[in-house]
Structures are given as structure tokens and as C-alpha cells.
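Residue strings, one per chain:
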Amino acid sequence: MIWNIVSDSSCDLRVSDFASEKVRFEMVPLRLQVGAREFIDNDSLDTRELLTAMDAEKTASSTACPSPAAFARAYEQGDKTVCFTISSNLSGTYNAAVMGREMVLEEHPEKEVCIIDSKSTAGAMVLLIRKARELMEADTTGDFEAICDQLRMYQASLRTCFTLENFDNLIKNGRMRPLVGTLLHSLGIHVIADATSQGTIHVADKARGEAKTYKAIISLMGASKDCAGAQVVISHCENLAGAMKLKEQIVKDLPVKSVDIISCRGLTTFYAMEKGLIVGY
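Residues numbered from 1 in each chain as written. Predicted model: local features only at pLDDT ≥ 70, side-chain atom pairs only at ≥ 80, totals over all residues. Heavy atoms only, no water.

> I'd like to hear about the packing of helix H4 (residues 123-138) against helix H5 (residues 144-157), residue by residue, with values.
Orientation of H4 relative to H5, taken along the N-to-C sense of each, is 150°, at an axis distance of 10 Å. Comparing their axes, H5 and H4 come out roughly antiparallel. Like other packed secondary-structure pairs, H4 and H5 cross with a definite hand, here right-handed. Seen from H4, the contacting residues are Leu-127, Leu-128, Lys-131, Ala-132, Leu-135 and Met-136; seen from H5, they are Ile-147, Gln-150, Leu-151, Tyr-154 and Gln-155. For the contact of H4 with H5, the residue count by class is eight nonpolar, two polar and one charged. (Axes fitted to C-alpha atoms, helices over the stretch in contact; angles between N-to-C directions. Helix = DSSP H or I, 4+ residues; strand = E, 2+ residues; numbered from the N terminus. Parallel < 35°, antiparallel > 145°, perpendicular 65-115°, else oblique. Left-handed = near helix turned anticlockwise from the far one by under 90°. Contact = heavy atoms within 4.5 Å. Nonpolar A, V, L, I, M, F, W, Y, C, P; charged D, E, K, R; others polar.)

Below, the structure written as C-alpha cells:
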């Protein structure tokens, strides 16, 4: 029996960083369109090159979710598959994943495929993948539904928040007025937002300066759930120094179990932009 974890590339875990003797892992990439250039969000994508292209492009850039066939090919590689997707309220990726399952089960009705809407992205999806690997590696009965139920409960316990200080992409895509974006940037104001339980984005706060921003993030984390023993993943977009400072503050102020720092992949780079930080916990 082959255990199989599938995720779209809004998860910031690299395939090369996943290791297991019992469980396989596959990332199904989204595509990023910047002017005439298309970037495939796989492990070889250079996010610095993506940012440079976006900065030079005057028109709005866009993203495209994977095809159902791409998900189907990934599902075919395993006997029991759990797939995690970016929030269905932010992308059509979840629907593509569901269609891919239908395609596979028509040809291989013996396979089992569970699709879980993360209602989030980035670090929260990393935590889901790690939990799935842990449960699959420890399994001795092959009880697929029991594992899926545990993962659904774990997903409901996870939270995501993020901060932005570059608003160029929001302005180009018509989601923020240029004057507002310029004013926020010139004043050093950071927008702090979180993901709702429905998987939508809620602007929670604004803070001026790095120190106040990190304190606001930690306040939001503590208010959203009991962080005792929580595992935290910080994704940074070309901002390792900021991620390290935020980690130090989280460890100091909250009773978390661990804090890992990883780099944004293409999709999260596209939205977080340079200096952005995304916290899954």
C-alpha cells in the first residue's frame, strides 16, 4: 500500500524538503502570469526573478490554478491519498482537486482520495502535511477515514495571519488605490490580516514600524487560540531578518512548542510581495 500526500504549490514546503520512507509527497504547481512571461511554481522557481519581473511589469499579473488532470495524475501514484489545497474562497484550486478525484475514481474505484480545504495557505498547509505524514507513518491498520477525520479536526484548529509592507501588486490588480498604497508605504505602516474560519481574508490591524507590527501579530495570535504547545511556521518573502526577529518575539511572548522559518514559494511570493511575512500556527 502506498500512502500519498498531494498539495498545491500555495504550500511553502519544497518537495526536496519532504522525507519519508513510507509516504510519498507530490506538489501540483500553480502558474503565475507576469506580462508575457509564465512562471511555473515548482521547486526550481527563482522567487527573486519573479519579484523582479513583477516590479518591471506595469500591468496586472495573474495566477492560474492547476488542472483537474494534474491532480488526477498525482492521485494515481498512491493507493490512499490526502490532498490539501489553498482556501476554496481564494482560488478555484479546490474545485480542480475535486474534479481530479472524480476522474481517478472512474478509472480506479479501488483508490481512496480525501481532499481537505485548508481554508488557508503557506505555513498552515505545511503543518497539515507534517501531521498527515506523522499519522500515516504511525498507522498500523490502514484506517484511511480515521486519519482523514483527525486531519479535518487539526485543520479546524489552525490559524493564519500575515503582514504586508509592499502594496504594488494590490494596486496593479485594482484592490488598493495608488494613493493609499503610497501613503502606507511612505509612513512605514504595515497591514496585518488573518484568515477567517471560512477561509477569507480579514484585515485585523495596522501598525507603524517593525517592532509594533510584531507585537500586533503576537497579540492577534494569542487572542485567536490557546498557543500552548502550538507549532508555528513563518514564511518570509525575501525577509529572513524580519522572520528571525518575529520568531524571537513569538518564543519570548507565547508558550509555543516550536517556530520554523521557511521561504515563500511562488504563489505566496506573488501575494505577500517583498518583506511579507505569513504565520501559520
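> Outline the pattern of salt bridges, supporting the account with residue identities and numerical values.
In total, this model carries 12 salt bridges according to the counting rule given. Between Asp-43 and Arg-265 there is a salt bridge, and its shortest N-O distance comes to 2.8 Å. With a gap of 222 residues between them, Asp-43 in the loop between strand S4 (37-40) and helix H1 (47-56) and Arg-265 in the loop between strand S12 (258-263) and helix H10 (266-272) connect regions that are remote in the sequence. A salt bridge links Glu-112 to Lys-80; the nearest nitrogen and oxygen atoms lie 2.3 Å apart. Here Glu-112, found in strand S7 (residues 112-117), pairs with Lys-80, found in strand S6 (residues 80-85); they are 32 residues apart in sequence, far enough to count as distant. The buried category is assigned to Lys-80, whose relative accessible area is 12%. (Salt bridge = Lys/Arg side-chain N within 4 Å of Asp/Glu carboxyl O. Buried < 20%, exposed > 50% of the residue type's maximum accessible area, 1.4 Å probe, protein only.)

> Can you tell me about helix H9 (residues 240-253), naming the residues and giving the values?
Look at H9: 20 Å from first C-alpha to last across 14 residues, which is about the 20 Å you get at 1.5 Å a residue. At its buried positions, H9 is contacted by helix H8 (210-224), strand S11 (231-236), S12 and strand S13 (277-280). (Expected span 1.5 Å × (residues − 1).)

> How would you explain the sheet that holds S11 if you had to name every residue and give the values?
The strands that make up a sheet pair up through hydrogen bonds in the backbone, lying either parallel or antiparallel. The six strands lie next to each other as S10-S9-S8-S13-S11-S12, forming an open sheet whose pairing is mixed. The open sheet has two free edges, formed respectively by strand S10 (201-208) and S12, since each of these has just one partner strand. Recorded for the sheet is a direction-independent mean angle of 20° between the axes of neighbouring strands. Pairing of S11 with S13 involves four bridges; the strand directions are antiparallel. When the bridges of S13 are listed, Ser-235 appears paired with Ile-278. Packing of H4 onto the sheet brings it into contact with strand S8 (160-164), S11, S12 and S13, and relative to S11 it is tilted by some 135°. (Pairing = 2+ DSSP bridges.)

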